[in-house]
Amino acid sequence: MAADNIIDVTLQNFQQVLLEGSKEKLVIIDFWADWCEPCKQLMPILERIASQYPDQVTLAKINCDDQQELAMQFGIRSLPTVAFFKDGQPLDSFGGVKSETEIKEMLSKHLPSPADEYLKQAQQALGEGNAADAYTFAKQAYDLDSGNMQAIKLLAEAAVDHGRLDQAKELAAAIPMVEQDNDYQRLMSKIELAEEAADSPEIRNLQEHVETQPDDYDTRLKLALALQQAHRDEEALDQAFFVMRKDPANADAKRFALDIINALPDGDPLASRARRTLYSMMY
């Protein structure tokens, strides 16, 4: 039984399979004929590939003897001929027999990368104002493809929204001039605004106080809270850890450090570093 994504194309279903269907999936069109021996060698390879990408690919088989009008419309002059279609437009093609590896290499240029779904989820989370989820999804996309400019920009933007300004600036600095588009300009504006918002008079006053009275642990924890509220989590943890080292019995410092760590988004490298520091002091 043929797979659902392997279809014999006729004049009757041509519009649905090739034009409408290519809006949802990449369509591989296999032009073949029963008398063509190379066609018979190639078809099992194409069917095997189609079975491996059921959600991304449709294999559309056109028998050029039975569907001569379609073959003429596409200007087919030799068999086998294979064409790739997406959004109703031809993307690529080849003639003759190719190996499975060669065809997959061609496919890889036109199929979504594994990072694309995470990027889509990151964009949605950013749009909904969910900074933690946006950061997690963007980080997963970046980890899969660290050279993907969209992943870099989205992770940087999510990092700003989640208070990772140093990470955001580091990512932004790696964006080449040719990629410094409107998304990049928006990112830089967000970084500048976030830096201004994170340096409040309250934080500066508390910092000045603990510099002159370093053993005032209550004020130091107030500073930690103010830093955490400004999304300066690493600095907030530094203050809580300072108190824990100086006053191991201080339950507020331990609780506060744990609360900050637990609130960090999945994939944030700060979380794993902070947990190691916390556990080394607790145990």
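That block above? That's the structure.
The following refers to the structure shown. In this numbering scheme, every chain counts its residues from 1 along its sequence in written order. Local features in this predicted model are restricted to residues whose pLDDT is 70 or higher, and side-chain atom pairs enter the listing and the counts only when it is 80 or higher, whereas totals over whole chains, interfaces and linings include all residues. As a rule here, side-chain values cover all heavy atoms of the structure and leave hydrogens and water aside.

1. Quick look at the overall build of the protein
- Looking only at helices and strands, one finds 14 helices and 5 strands in the protein.
- In terms of overall dimensions, the protein is more spread out than a globule: its C-alpha atoms have a radius of gyration of 28 Å, far above the 19 Å expected for 283 residues.
- For the C-alpha atoms alone, the extent of the protein along its principal axes is close to 90 × 40 × 30 Å.
- When accessible area is computed with a 1.4 Å probe and restricted to protein chains, residues below 20% of their type maximum are described as buried, those above 50% as exposed, and intermediate ones as partly exposed. Within the protein, the proportion of its 283 residues that are buried is 42%.
- Contact between two residues is taken to exist if any of their heavy atoms lie within 4.5 Å; hydrogens are not considered. Within the protein, contacts between residues at least 6 apart in sequence are counted, and of these 64% link residues at least 24 apart. Per the convention used, a helix needs a DSSP run of H or I reaching at least four residues, while a strand needs a run of E reaching at least two, with both numbered from the N terminus. Throughout, radius of gyration means the C-alpha value; the globule benchmark is 2.2 Å times the number of residues raised to the power 0.38.

2. Focus on the state of the cysteines
- By definition, disulfides here are pairs of cysteine sulfur atoms that lie within 2.5 Å. With the rule as written, the count across this model stands at 1 disulfide.
- Covalent S-S linkage joins Cys-36 and Cys-39, the inter-sulfur distance amounting to 2.4 Å. Across the disulfide from Cys-36 to Cys-39, rotation about the S-S bond amounts to roughly 85 degrees, and the bridge is consequently right-handed. The exposure classification of Cys-36 matches that of Cys-39, with both residues buried.
- Here Cys-64 is not cross-linked by a disulfide; its sulfur's nearest cysteine counterpart is in Cys-39, at 7.6 Å.

3. Concerning the sheet that holds strand β3 (residues 57-63)
- By definition, two strands form a pair when at least two bridges between them are found by DSSP. Pairing within the open sheet is mixed, and its 5 strands lie in the order β1-β3-β2-β4-β5. Unpaired on one side and paired on the other, β1 (6-8) and β5 (89-95) mark the two borders of the sheet. Taken over all neighbouring pairs, the strand axes of this sheet differ in orientation by 20 degrees on average, direction set aside.
- Relative to β5, strand β4 (residues 81-86) runs antiparallel, the two sharing 6 bridges. The residue of β5 that forms the bridge with Phe-84 is Asp-92.
- Between the N-to-C directions of two axes lies an angle of 0 to 180 degrees, each axis being a line fitted to C-alpha atoms and, for a helix, fitted only over the stretch in contact. Sheet strands in contact with helix α2 (residues 37-52) are β1, β2 (26-32), β3, β4 and β5, and its direction is about 165 degrees off that of β2.
- Those strands touched by helix α4 (residues 100-108) are β2, β3, β4 and β5, and its axis lies near 160 degrees from that of β5.

4. Here's the deal with the side chain of Gln-239
- Here Gln-239 shows up in helix α12 (residues 233-246).
- Among residues more than four places away in sequence, those in contact with Gln-239 are Arg-220, Leu-223, Ala-224 and Leu-227.

5. Observations concerning the pattern of salt bridges
- When a carboxyl oxygen of Asp or Glu is within 4 Å of a side-chain nitrogen of Lys or Arg, the pair counts as a salt bridge. Here the structure, examined in full by the defined rule, presents 20 salt bridges.
- Glu-100 serves as the salt-bridge partner of Arg-48, at 2.8 Å between the closest nitrogen and oxygen. Separated by 52 residues along the polypeptide, Arg-48 in helix α2 and Glu-100 in helix α4 bring together distant segments of the chain.
- With a relative accessible area of 39%, Arg-48 lands in the partly exposed category.
- Linking Glu-117 and Lys-120 is a salt bridge whose minimum nitrogen-to-oxygen distance equals 3.7 Å. Here Lys-120 and Glu-117 lie together in helix α5 (residues 114-127), a separation of 3 residues that amounts to about one turn.
- The partly exposed category is assigned to Glu-117, whose relative accessible area is 43%.

6. Re the nonpolar core
- Formed by 27 residues in total, the largest nonpolar core has its most connected members in Leu-154, Val-160, Ile-175, Leu-187 and Ile-191.
- Elements with a minimum of two residues in this core: α5, α6 (131-144), α7 (149-161), α8 (165-173) and α9 (182-198).
- If you tally residues by element for this core, the top one is α7, at 9 residues.
- Leave out the neighbours within four places in its chain, and Ile-175 touches Met-149, Ile-152, Lys-153, Gln-180, Tyr-184 and Leu-187. The definition of a nonpolar core used throughout is a set of buried Ala, Val, Leu, Ile, Met, Phe, Trp, Tyr and Cys residues joined through side-chain atoms within 4.5 Å.

7. Notes on α2
- Every helix has an expected span of 1.5 Å times one less than the residues it contains. With 16 residues, α2 ought to run about 22 Å at 1.5 Å a step, and its terminal C-alpha atoms sit 24 Å apart, in line with that.
- Along α2, the positions that sit buried rather than exposed are Cys-39, Leu-42, Met-43, Ile-45, Leu-46, Ile-49 and Ala-50.
- Here the buried face of α2 lies against β1, β2, β3, β4, β5 and α4.

From the geometry alone we can't say anything about function, so treat these as descriptive.
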